[in-house]
Amino acid sequence: MFAILKKKLKQSVEGLVKKVEREEPKEEVPVKEKPKPEPKKVVEKIPEPPEPAPAPEEKPERKGLFKRIKEKEFSGKEIDEFFATLETGLLQANLALEVIDYIKAGLKHALVGRQVKRGEAGNLIKETFERLLLDTVSQGEVDIDKMIKEKKPLTVLFLGFNGSGKTTTIAKIARMLMDRGKKPVLAAADTFRAASIEQLEVHAKRLGLGVIKHKYGADPAAVIFDARKHAESKGLDVVLADSAGRMHTNVNLMDELRKIVRVNNPDLKILVVDSLTGNDVVQQVREFNENIGIDGLVLTKMDVNEKGGSIISACYTSKKPVMFIGTGQEYDCIEKFEPASFVKNLLE
Ligand SMILES: Nc1nc2c(ncn2[C@@H]2O[C@H](COP(=O)(O)OP(=O)(O)OP(=O)(O)O)[C@@H](O)[C@H]2O)c(=O)[nH]1
Ligand SMILES: [Mg+2]
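Predicted, not measured: the structure shown is a model, and the values here were computed from it.

**Q** Help me understand helix H5 (residues 76-92) in this model?
**A** Residues three or four positions apart in an α-helix share a direction because the helix packs 3.6 residues into each turn. Taking 1.5 Å as the rise per residue, H5 with 17 residues should run 24 Å; its terminal C-alpha atoms sit 24 Å apart, in good agreement. The largest bend along H5 reaches roughly 45° and is located at Leu 86. Looking one or two residues beyond H5, the residue adopting positive phi is Asn 94, at roughly 70°.

Written out as C-alpha cells, the structure is:
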C-alpha cells in the first residue's frame, strides 16, 4: 500500500537530511582549512615578533569553527528551494499542494533559525515530518458503536462522488455491525442510478438484512424517513442509508442531498471517497463538507492505491476523521483507520 507516497516521503526526509550532511566537512577538514586565514590575522595583530606564535589564539578559533561545523542553522530559503525540487513528486503521490505547503511551513517553523547539531538533524527532520503528518490525519474519532448505544435507531447517511464505493461500504459496515450483535436496516435512497436498488438488495440478501425501498425516481428523503420509522417500530439499531453518487458541481443533486439532511437529520454523514482520486480530492471533500457538512470519511480502494496522498489531503481539507478504509471488494475488507500506524508505516 502507498508505495509511491512512501517513496516520495522517504526521498523528502532523506533529501533534507543529506542536504544538511553534504555540507558537513570531514573531521580533518576544519583543522586544515581554517588555519589559512588565521596566521594573517595573527601577523597583523602582532607585527613585532618575527616568529608567529599562534598556538594560544588558535584554540578558541578552532573551537568556534568546530562548533559551526557541528551545528546547522536552516534558512527559510533553503527549505523553499529544497521543496521546489520535491513538489512534483509529492503531487504525483496525490498529496495536495495545500498539504505540501503546510508541511513546508511546519518544517520552517521547527527548523529555521535554530541551531541544530548535525548528528541530530536527521532525527529532528524525521520527527517533524512525522508530527506534521500525524497532526493532519488525527482529526478526532467517531465512535459508531458508542453512538449506537446512545441512540436507537442511529441514522447514518453515506454520500459522495459517483462510484466512490458508497454501496459497497454500506454492506461492509452492515456486516461489521452485525458481527458485533447490532441490527441494521438498509435504506435504498439512491433512486437515481439504474440498478442501484437491486445492487443494494443483492447485498442485503447475502447478509440477511432488510431493505426499505421506493420506486426509481422517488424522493430519497422519503425512503430514509420510512427506513427510520421501520427501524423504530422493529427495534433495530441503525439505518444505513445509501444515496446516489453525485458530483459536487451538480446543483440539483446537491440540493437533493440537502433535503435528505433537512428531513432526516442524520446522526452521521459519512463522505465516501475513492482514494484513487487525484488532486481533485481537495475540491470534492471541500464542496461536500461546506454544502452538506460531514462528520467523517471513509477512504476506499486502499488495496489498489499506490499513491496514498489522498487520505492525507482529505483529512487536511475536511478536518474530519477517517473512520474506515476500504481494502478490497469482500465484506471483511474494511479496517478502522489508525492515524499513528498509518504515519509510522509511511515513514518507516
Ligand atoms: N478494490 C476495491 N474496490 C472497491 C472498494 N470499495 C468499493 N470498490 C469497488 O468500487 C466499485 C464501485 O463501488 P460502489 O459501492 O458501487 O460505489 P458507489 O459509490 O455506490 O457507486 P454509485 O452508486 O454508482 O455512485 C465496485 O466495483 C466496488 O466493488 C475497495 O475498498 N477496494
Ligand atoms: Mg451506489
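Text resumes after the structure shown.
**Q** What's the story with the site of ligand 1 in this structure? I'm lost.
**A** The environment of ligand 1 is formed by 19 residues, the closest being Lys 166, Thr 167, Thr 168, Arg 193 and Gln 329. In the model, an oxygen atom of ligand 1 is placed 2.8 Å from a nitrogen or oxygen of the Gly 165 main chain. For ligand 1, whose free accessible area comes to 650 Å², the fraction covered by protein is 83%. Tallying contributions element by element places helix H9 (residues 166-179) first for the shell around ligand 1, with four residues. Split by residue class, the shell around ligand 1 holds no nonpolar, 13 polar and six charged.

**Q** Teacher, can you tell me more about the packing of aromatic side chains here?
**A** Working definition: an aromatic ring pair is given by the centre-to-centre distance plus the angle between the planes. Considering all chains together, one arrives at four aromatic pairs under this definition. When the ring of Phe 2 is compared with that of Phe 342, the centres are 5.4 Å apart and the planes differ by 75°; the resulting orientation is edge-to-face. Taken as a pair, Phe 2 in the segment before helix H1 (3-22) and Phe 342 in helix H15 (residues 339-347) lie far apart in primary sequence, 340 residues in all. With a centroid separation of 5.3 Å and an interplanar angle of 50°, the aromatic rings of Tyr 102 and Tyr 316 are classed as tilted. Placement of the pair is Tyr 102 in helix H6 (residues 97-111) and Tyr 316 in helix H14 (residues 309-318), with a sequence separation of 214 residues. On the accessibility criterion, Tyr 316 (21% relative accessible area) is partly exposed.

Conventions used here
- Residues numbered from 1 in each chain as written.
- Chains lettered and ligands numbered in written order.
- Predicted model: local features only at pLDDT ≥ 70, side-chain atom pairs only at ≥ 80, totals over all residues.
- Heavy atoms only, no water.
- Helix = DSSP H or I, 4+ residues; strand = E, 2+ residues; numbered from the N terminus.
- Expected span 1.5 Å × (residues − 1).
- Bend = angle between axes of the 7 residues up to and from the residue.
- Near = heavy atom within 4 Å.
- Polar contact = N/O pair within 3.5 Å; in protein donor to acceptor, adjacent residues only side chain to side chain.
- Areas by Shrake-Rupley, 256 points an atom, 1.4 Å probe, with all protein chains shown as cover.
- Nonpolar A, V, L, I, M, F, W, Y, C, P; charged D, E, K, R; others polar.
- Phe/Tyr/Trp six-rings, centres within 6.5 Å; stacked < 30°, edge-to-face > 60°.
- Buried < 20%, exposed > 50% of the residue type's maximum accessible area, 1.4 Å probe, protein only.

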